[in-house]
Amino acid sequence: DRMLSHLQAEEVGDGAASAYAPLAQVLSELDAEDWLRHGGMNAESVRPFLDRYLDRSVKLRHPLHMAHQVSVPDYPAGLAAMINGLTNNPMAVYEMGPAAAALEFAVINWMLEAVGWSAQPMRLDNADAQHGAGVLTHGGSLANLTCLLAARGRAVPNAWQDGVPSDLVVMVPPTSHYSIARALSIIGLGEAAIEPMPEGEWGRVASDGLARSLAAITARGKRCIAVVANACATATGLHDPLRDIGEFCQANDLWFHVDACHGATALLSDTERHWLDGIELADSVVWDTHKMMQVPALCAAVLFRDHRSFAHLFEQDASYLAYGDDADSYDSLPRALECTKAALSFKVFMNVAWRGAEALGAYVANQYATARRFFQLINARSGFDCPFEPETNILLFRYGDDDALQQRIRDEMVREGSAHITSAMVAGRRWLRLTVMNPLSDDAALNRVLDLIESKAT
């Protein structure tokens with residue numbers, strides 16, 4: 001009852017839009033140290049504690065919360081997360097969670113077909129049959145790491161035993177997520193292996209410069225093993241030209257990886273899937289369901305066009321977990337970094353099964369359309385500048401020309417709780433940034449945010 005009351009209050013916009021307070025204050029409000037030292041919480045004392053905890057939790061359903069790329073979880077997936085917490089079936093080994101493992105198999109096949117690839121058969125092996133494969137993992141950073149490990153495995157099959165040669169590089173958009181650089185360091189290539197791709201307007205990859213970039217890499221004695229593209233870029237919400245990049249990679253026998261953590265759910269929308277034209281040419285795709293599929297964090301899909309990409313991923317043995325080849329099971333352990341892996345598939349399955357894929361696609365289309373409408377409303381106001389029409393539900397804008405002013409306005413709103421937005425450095429300038437995740441963030445909510453910005457700038 002308390003949780004439902006809290007969520008309903010958020011949805012009507014009661015109270016602050018953010019939950020910020022200094023660390024010392026939050027610890028004091030929660031009596032955290034005292035509870036940890038002495039215990040004793042019971043059914044009576046947990047109620048005021050829960051009230052204080054929820055008060056200092058971010059209000060994702062508040063109409064004036066338009067900050068980060070975090071889903072507003074739908075109730076079916078939230079219920080699944082609660083059931084997962086109580087059943088606790090870590091299912092990377094089939095016998096430890098058969099229901100969750102079976103749902104992961106089904107969910108992965110559903111996603112493979114959404115990308116435009118062939119579903120995996122009941123038995124996954126390294127035969128020559130052409131089909132895709134995939135695995136669910138805890139977040140986009142692990143998903144990107146897994147895909148780049150697969151690219152490394154294709155180029156250097158003995159890397160697990162012998163290490164990585166020093167001449168390998170990866171072509172990466174300057175606007176890529178930081179997890180790409182982090183993954184390249186983890187897998188032994190290092191940030192020095194990043195070759196920035198030619199950049200066009202607002203950070204999109206300029207595909208007409210790819211051939212020159214590759215020629216320059218080869219001339220320096222380096223070997224490019226993979227090319228990364230954004231669908232979409234985190235800061236701007238803009239997509240790289242996937243078809244152009246994919247055709248370039250096919251012509252030059254390069255691994256093509258698409259980071260579609262945010263944008264892949266648009267595949268479910270007839271009106272918005274065109275932004276992902278060419279994604280089927282990729283060798284690997286990552287898709288975060290905890291962004292636009294309204295699934296609670298964390299749950300990201302690692303998808304491969306060719307199931308043989310799994311062959312050189314993780315080659316370590318664990319005899320206490322693996323008991324031979326069981327044709328009737330589905331172990332994700334050989335294909336994921338995690339051993340103890342939550343039943344991620346249940347959350348995705350519940351939203352799709354309960355709402356339907358068409359409803360999820362309609363949600364994406366609605367949020368994208370809202371961002372485009374916000375673009376018009378912002379530019380209609382004197383003093384505001386929204387530099388390009390958004391391609392997703394992410395948009396940049398600013399008030400006036402002072403970079404420091406943008407940061408000050410944002411910080412003041414977050415700290416006082418009046419609204420919650422973010423900011424980003426793009427093209428050498430500081431911009432305010434909205435991510436329209438909440439269906440309740442309507443024109444009236446935007447105008448309230450813009451009024452706040454104007455009042456704080458004067």
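To be clear, the structure that these remarks concern was listed above.
Note that the structure is a prediction, hence the values are computed from the model and not measured. Every chain's residues receive numbers from 1 upward, in the order its sequence appears when written. A pLDDT threshold of at least 70 governs which residues receive local features in this predicted model, and a stricter bar of 80 or more applies before side-chain atom pairs are shown or counted, although totals over entire chains, interfaces and linings include all residues. The side-chain figures draw on all heavy atoms in the structure; neither hydrogens nor water molecules are used.

Caption draft 1: Region of the structure containing the overall build of the protein chain. Check the secondary structure of the protein chain and you find 16 helices and 11 strands. Computed over the C-alpha atoms, the radius of gyration of the protein chain is 23 Å, within 12% of the 23 Å expected from 2.2 N^0.38 for a compact globule of 458 residues. For the C-alpha atoms alone, the extent of the protein chain along its principal axes is close to 60 × 55 × 45 Å. In the protein chain, which comprises 458 residues, the share counted as buried stands at 53%. Contacts in the protein chain between residues far apart in sequence, at least 24 positions, make up 74% of those at least 6 positions apart. Helical segments are the DSSP runs of H or I of at least four residues, strand segments are the runs of E of at least two, and each set is numbered from the N terminus. Within these notes, the globule rule equals 2.2 Å times the number of residues to the 0.38 power, and the radius of gyration is based on C-alpha atoms. Between buried and exposed lies partly exposed: a residue is buried under 20% and exposed over 50% of the maximum accessible area for its type, with that area taken using a 1.4 Å probe on protein chains only. Only heavy atoms matter for contacts: two residues are in contact if any of them lie within 4.5 Å across the pair.

Caption draft 2: Main features of the nonpolar core. Counting residues in each nonpolar core, the largest one holds 53 residues, and the members touching the most others are Ile245, Val258, Ile279, Trp287 and Leu303. Per-element tally for this core: the top contributor is helix α6 (residues 98–115), with six residues. By nonpolar core we mean a set of buried residues, namely Ala, Val, Leu, Ile, Met, Phe, Trp, Tyr and Cys, connected to one another through side-chain atoms within 4.5 Å. With 34 residues, the next largest nonpolar core counts Leu184, Phe304, Phe310 and Leu313 among its residues.

Caption draft 3: How the structure looks around unusual backbone geometry. For the peptide bond that leads from Ala231 to Cys232, omega is 15°, which places it in the cis range. For Cys232, the location among the structural elements is in the loop between β4 (223–230) and α11 (242–251). For the peptide bond that leads from Ala297 to Leu298, omega is -5°, which places it in the cis range. Here the phi dihedral of Asp31 falls at roughly 50°; this positive angle occurs in a residue that is not glycine. Looking at the element boundaries, Asp31 is found in the loop between α2 (23–30) and α3 (32–38).

Caption draft 4: Spotlight on the packing of helix α5 (residues 75–87) against helix α13 (residues 344–355). Working convention: axes come from line fits to C-alpha atoms, limited for helices to the stretch in contact. Angles between N-to-C directions cover 0 to 180 degrees. Axis separation between α5 and α13 bottoms out at 8 Å; the angle between their running directions is 145°. Considering the relative orientation of α5 and α13, their crossing is right-handed. Along the contact surface, α5 presents Pro76, Ala77, Ala80, Ala81, Ile83 and Asn84, while α13 presents Phe346, Lys347, Met350, Asn351, Trp354 and Arg355. Following the grouping adopted for this structure description, the nonpolar residues are Ala, Val, Leu, Ile, Met, Phe, Trp, Tyr, Cys and Pro, the charged ones are Asp, Glu, Lys and Arg, and the polar ones are all others, Gly among them. Tallied by class, the residues present in the contact of α5 with α13 amount to eight nonpolar, two polar and two charged. Take the far helix as your reference; a near helix turned counterclockwise from it by less than a right angle gives a left-handed crossing, and one turned clockwise gives a right-handed crossing.

Caption draft 5: Fine view of the packing of aromatic side chains. Pairing of aromatic rings covers Phe, Tyr and Trp, the last counted by its six-membered ring, and requires centre-to-centre distances within 6.5 Å; plane angles under 30 degrees mean stacked, over 60 mean edge-to-face, and any other angle means tilted. In the structure shown here, the tally under the stated rule is eight aromatic pairs. Measuring from centroid to centroid gives 5.7 Å for Trp202 and Trp431, while their planes differ by 75°, and the two rings are edge-to-face. Taken as a pair, Trp202 in the loop between β3 (194–196) and α10 (210–219) and Trp431 in strand β11 (residues 429–435) lie far apart in primary sequence, 229 residues in all. Residue Trp202 is classed as partly exposed on the basis of its relative accessible area, which comes to 22%. Here Trp431 falls in the buried class, since its relative accessible area comes to 4%.

Caption draft 6: Molecular detail of the environment of Arg372. Take Arg372: it is sitting in helix α14 (residues 357–379). Contacts of Arg372, omitting those with residues within four sequence positions, involve Glu272, Glu389 and Pro390.

Caption draft 7: How the structure looks around the pairing of strand β9 (residues 394–399). Taking burial as the measure, the six residues of β9 include six buried ones, the bulk of the element. Every second residue of β9 is oriented toward a common face, with Ile394, Leu396 and Arg398 on one face and Leu395, Phe397 and Tyr399 on the other, all of them buried. Any two strands between which DSSP finds at least two bridges are classified as paired. Strand direction decides the pairing type here: strand β8 (residues 384–385) and β9, joined by two bridges, are antiparallel. Along β9, the bridge assignment pairs Asp385 with Arg398. Here β9 pairs with β11 via four bridges, running antiparallel. Looking across to β11, one finds that Phe397 is bridged to Leu432.

Caption draft 8: Region of the structure containing the sheet that holds strand β6 (residues 284–288). If you trace the seven strands from one edge of the open sheet to the other, you get β1-β7-β6-β5-β4-β2-β3, paired in mixed fashion. Two strands close off the open sheet at either side, each with one partner strand: β1 (133–137) and β3. Between one strand axis and the next, the sheet turns by 20° as a mean value, whatever way the strands run. Sheet topology note: the strand β2 (residues 168–172)/β4 ladder contains four bridges and is parallel. Paired with Val169 across the bridge in β4 is Cys224. α6 contacts β1, β6 and β7 (300–304) of the sheet and is inclined by roughly 120° relative to β1. Its contacts with the sheet put helix α7 (residues 140–155) on β1, β4, β5 (255–259), β6 and β7, and the angle it makes with β7 is roughly 20°.

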